[in-house]
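Report on the structure
Below are the chains, spelled out letter by letter.
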There are 2 protein chains.
Amino acid sequence: MRRLILDAALHLFRTKGYEGVNMRNIAEAIEYSAATLYLYYKDKNELYFALQFEAAAAKRDHLLPAMEVQDPMERLIEFGRRYIDFGFKHPDLYDLLFITKAPMEHIENQECWALGIATHTFFEETVQACIDQRYFKSTDAATIAYTLWCHAHGMVSLFIRERMRMYPEDQRQALAAKSFEMIIKMAESL
Amino acid sequence: MRRLILDAALHLFRTKGYEGVNMRNIAEAIEYSAATLYLYYKDKNELYFALQFEAAAAKRDHLLPAMEVQDPMERLIEFGRRYIDFGFKHPDLYDLLFITKAPMEHIENQECWALGIATHTFFEETVQACIDQRYFKSTDAATIAYTLWCHAHGMVSLFIRERMRMYPEDQRQALAAKSFEMIIKMAESL
DNA sequence: AAATTTACTGAACATTGTTTAGTAAACAAC
DNA sequence: GTTGTTTACTAAACAATGTTCAGTAAATTT
């Protein structure tokens, strides 16, 4: 039943956007009453957390191929490319994971957070592997990883939240691509 | 009267956060009825836009000292430092300007947008000045500016939206500072 | 067959954005 | 000075949405 609710919610959410969906909508989609949803999820936040987990899983699946690249630097680049690609292709899911303001108080207990931590740890380990192989001069893996993450997140979130209006619409993705190349080149000289 | 409304709204908004404020709250604060607000602002969006303009002005004021630095590279660095500082110190205002999902359809007509564009243009010109003085090897001012902006925005927005839980709370700002230094060093080798 | 548990719902409530109909004061016109 | 008009404002209502509650009907247990 939770599966049924989540699938409907995620589908609605990906078509109509997060804001455009409410409890009655979701209930209607699965042909139950709104009150039924509250039998399976305490409130909208719990449903939100569950959706966040779905998004985290989708993101992990999207990143998976990059994790299998052998060379650490190639892996890092592919990882970044796929991270950004995920954000641009699934703005609603990315939003849910990294932007939406929601009570994050108890998220640490959530499997979702564990998934995110695992991915982040893998990312830092890849950076460390690059350092070990002398791809970077700096040995501060945490800061390098954080810097790269901030850049990628900045690109995706500015795009998602429509703050790139000063650039022509058809050039935004290209600019992001150029910027990604630039940061990789910059990073190589770290 | 608009001044009265805006000041009350901005004050409430900065103390209770954006989500925690509604039209009745604001009206109450200035001891008028909620309906009165609609005499001066068509709807909540218009009030939102006006608030966004206030935030843009606050941001410009915060950045102003950096604009007077003579050396372009020093100016660029001070600009970045102050941009990030603004975001960390005034998360609600930053949120309003760069994160909040709001109908941006007509914002191009807004003075607010003009302010943002002006600042962005100034930023790009500073980057260009750095290029002219051979601070960078790359000559692509637009991409350099965009890259730096994405990084700064990424840092601020991940912080604001509580996505830095994997780092101890008391180390988050320090990490951001280190990352900023790193990107500056990286940039110098562009 | 009776009692209990499970799964669900219609109706209602609270909050919040928004509209409407109306009032009362200030002002204008004669 | 009365009468019409404009201005500034409000109480009350409406609509959408999150949430709760009392009740029902089927399934299960005893």
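A brief structural summary. (Residues numbered from 1 in each chain as written. Chains lettered and ligands numbered in written order. Predicted model: local features only at pLDDT ≥ 70, side-chain atom pairs only at ≥ 80, totals over all residues. Heavy atoms only, no water.)

Below, the discussion takes up the relation of the copies chain B and chain A. Superposing chain B onto chain A requires a rotation of 180 degrees together with a translation of 0.0 Å along the rotation axis, leaving an RMSD of 0.1 Å. What the superposition gives is, in effect, a two-fold axis relating one chain to the other. A share of 100% of the interface residues of chain B reappears at the interface of chain A, consistent with the copies meeting face to face through the same patch. (Least-squares fit on C-alpha atoms with pLDDT ≥ 70 in both. Contact = heavy atoms within 4.5 Å.)

On to the protein's contact with DNA strand D. Around DNA strand D lies a shell of 14 residues, among which A:Asn22, A:Arg24, A:Lys44, B:Thr36 and B:Tyr40 are the nearest. The sugar-phosphate backbone supplies 55% of the atoms of DNA strand D found within 4 Å of the protein. Residue A:Met23 places a main-chain N or O atom 2.8 Å away from a phosphate oxygen belonging to DNA strand D. In this structure, a phosphate oxygen belonging to DNA strand D sits 3.3 Å away from a side-chain N or O atom of B:Tyr32. Among the elements that take part in the surface near DNA strand D, helix α3 (residues 34–40) of chain B stands out by supplying four residues, more than any other. (Near = heavy atom within 4 Å. Polar contact = N/O pair within 3.5 Å; in protein donor to acceptor, adjacent residues only side chain to side chain. Helix = DSSP H or I, 4+ residues; strand = E, 2+ residues; numbered from the N terminus.)

Here the focus is helix α5 (residues 72–89) of chain B. The α-helix winds at 3.6 residues per turn, so residues separated by three or four positions along the chain end up facing the same way. Residue and element names in this part refer to chain B. An ideal rise of 1.5 Å per residue puts 26 Å on 18 residues; α5 measures up with 25 Å between its terminal C-alpha atoms. Among the residues of α5, Pro 72, Met 73, Arg 75, Leu 76, Ile 77, Phe 79, Gly 80, Tyr 83, Ile 84, Phe 86, Gly 87 and Phe 88 are the ones counted as buried. The elements touched by buried residues of α5 are α4 (44–67), α6 (91–99), α7 (111–132), α8 (141–160) and α9 (172–188). (Expected span 1.5 Å × (residues − 1). Buried < 20%, exposed > 50% of the residue type's maximum accessible area, 1.4 Å probe, protein only.)

Following the criterion strictly, the structure yields 22 aromatic pairs over all chains and no others. Relative to B:Trp149, the ring of B:Phe98 lies with its centre 6.2 Å away and its plane at 70 degrees, an arrangement referred to as edge-to-face. With B:Phe98 in helix α6 and B:Trp149 in helix α8, this pair connects stretches of sequence that are 51 residues apart. On the basis of relative accessible area, B:Phe98 is assigned to the buried category, the value being 12%. Against the face of A:Tyr41 rests A:Arg2, its NZ or CZ located 5.1 Å from the ring centre. (Phe/Tyr/Trp six-rings, centres within 6.5 Å; stacked < 30°, edge-to-face > 60°. Lys NZ or Arg CZ within 6 Å of the ring centre and 35° of its normal.)

The immediate surroundings of DNA strand C are formed by 14 residues, with A:Ser33, A:Thr36, A:Tyr40, B:Asn22 and B:Lys44 found nearest. Counting only the atoms of DNA strand C that lie within 4 Å of the protein, the sugar and phosphate share comes to 57%. Here A:Ser33 contributes a backbone N or O atom positioned 2.8 Å from a phosphate oxygen of DNA strand C. Between DNA strand C and B:Lys44 there is a distance of 2.8 Å, counted from a phosphate oxygen to a side-chain nitrogen or oxygen. Broken down by secondary-structure element, the contributors of at least two residues to the surface near DNA strand C are α3 (34–40) of chain A together with α2 (23–29) and α3 of chain B. Here the element with the most residues in the surface near DNA strand C is α3(A); it accounts for four residues. Considering only residue class, the surface near DNA strand C consists of seven nonpolar, three polar and four charged. (Nonpolar A, V, L, I, M, F, W, Y, C, P; charged D, E, K, R; others polar.)

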